[in-house]
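Chain residues, written in single-letter form:
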Amino acid sequence: MKILVINGPNLNMLGIREPGIYGNQSYAALCESIRSYAAQNDLEVELYQSNHEGDLVDQIQAAYGVFDGIVINPGAYTHTSIALLDAVKAVGLPTVEVHISDVSAREDFRRVSYIRQACVKTICGHGFAGYTEALAFLKEQKT
Ligand code: DQA
């Protein structure tokens, strides 16, 4: 099973950005934990990060016919982007929305998620573990 893991804007700044909210571990450490979980669980993963909305749309579109599922943390585009929602709807791949922090317990504007309605599951506030939980969910759904 092939899963594309997408991270949106500012997630490349993990370890530096607001450590009280996102922790002290870097984006490279996140990638390493996802890769190692995938290797132990017979999953193929590809990781992609961009700060640009259109690039994220391109990546979701390119997943069509190539990947079996998507794990996405759209960062701040969660709360603004109809284009990402439409892209996930367009490809029709099972997609899990992940947030490191508990977006429901922060500012009001973080409670809105456009992409959520196209996702099979949302995981919030579990830190880096949310990504591996999302991989496990997609794997279990397929079997
Ligand atoms: C985030 C939450 C978003 O509100 C924020 O803009 C992010 C990260 C999270 O992982 O908790 O960039 O998606």
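Shown above is the structure to which this text applies.
Throughout what follows, the structure given in this document is the object of discussion. (Residues numbered from 1 in each chain as written. Predicted model: local features only at pLDDT ≥ 70, side-chain atom pairs only at ≥ 80, totals over all residues. Heavy atoms only, no water.)

**Looking at the environment of Cys31**
For step 1, the next point in the chain: Relative to the helices and strands, Cys31 is located in helix H2 (residues 27-40).
For step 2, the next point in the chain: Each C-alpha atom, one on Cys31 and one on Tyr131, is 9.8 Å from the other, the two residues being 100 residues apart in sequence. (Helix = DSSP H or I, 4+ residues; strand = E, 2+ residues; numbered from the N terminus.)

**Things to note about the packing of aromatic side chains**
For step 1, the next point in the chain: The full count for this structure, using the stated rule, is zero aromatic pairs.
For step 2, the next point in the chain: Sitting over the face of the ring of Phe67, Lys2 holds its NZ or CZ atom 5.1 Å from the ring centroid.
For step 3, the next point in the chain: Over the ring of Tyr22 we find Arg17, and its NZ or CZ is 4.1 Å from the ring centre. (Phe/Tyr/Trp six-rings, centres within 6.5 Å; stacked < 30°, edge-to-face > 60°. Lys NZ or Arg CZ within 6 Å of the ring centre and 35° of its normal.)

**What about the side chain of Asn73?**
For step 1, the next point in the chain: Mapped onto the fold, Asn73 is located in strand E3 (residues 69-73).
For step 2, the next point in the chain: Looking at Asn73, the relative accessible area reads 3%, which means it is buried.
For step 3, the next point in the chain: At 3.0 Å, the side chain of Asn73 and the side chain of Tyr131 are in polar contact.
For step 4, the next point in the chain: Those residues in contact with Asn73, other than ones at most four positions away along the chain, are Ile6, Asn7, Gly8, Leu11, Val98, His99, Ile100 and Tyr131. (Buried < 20%, exposed > 50% of the residue type's maximum accessible area, 1.4 Å probe, protein only. Polar contact = N/O pair within 3.5 Å; in protein donor to acceptor, adjacent residues only side chain to side chain. Contact = heavy atoms within 4.5 Å.)

**Considerations on the environment of Arg106**
For step 1, the next point in the chain: Here Arg106 lies in the loop between strand E4 (95-99) and strand E5 (121-124).
For step 2, the next point in the chain: Among the residues examined, Arg106 registers a relative accessible area of 18% and is labelled buried.
For step 3, the next point in the chain: Not counting residues up to four positions away in its chain, the partners in contact with Arg106 are Ile21, Tyr22, Ser101 and Arg111.
For step 4, the next point in the chain: Here the side chain of Arg106 touches Tyr22 through a polar contact of 2.9 Å, side chain to side chain.

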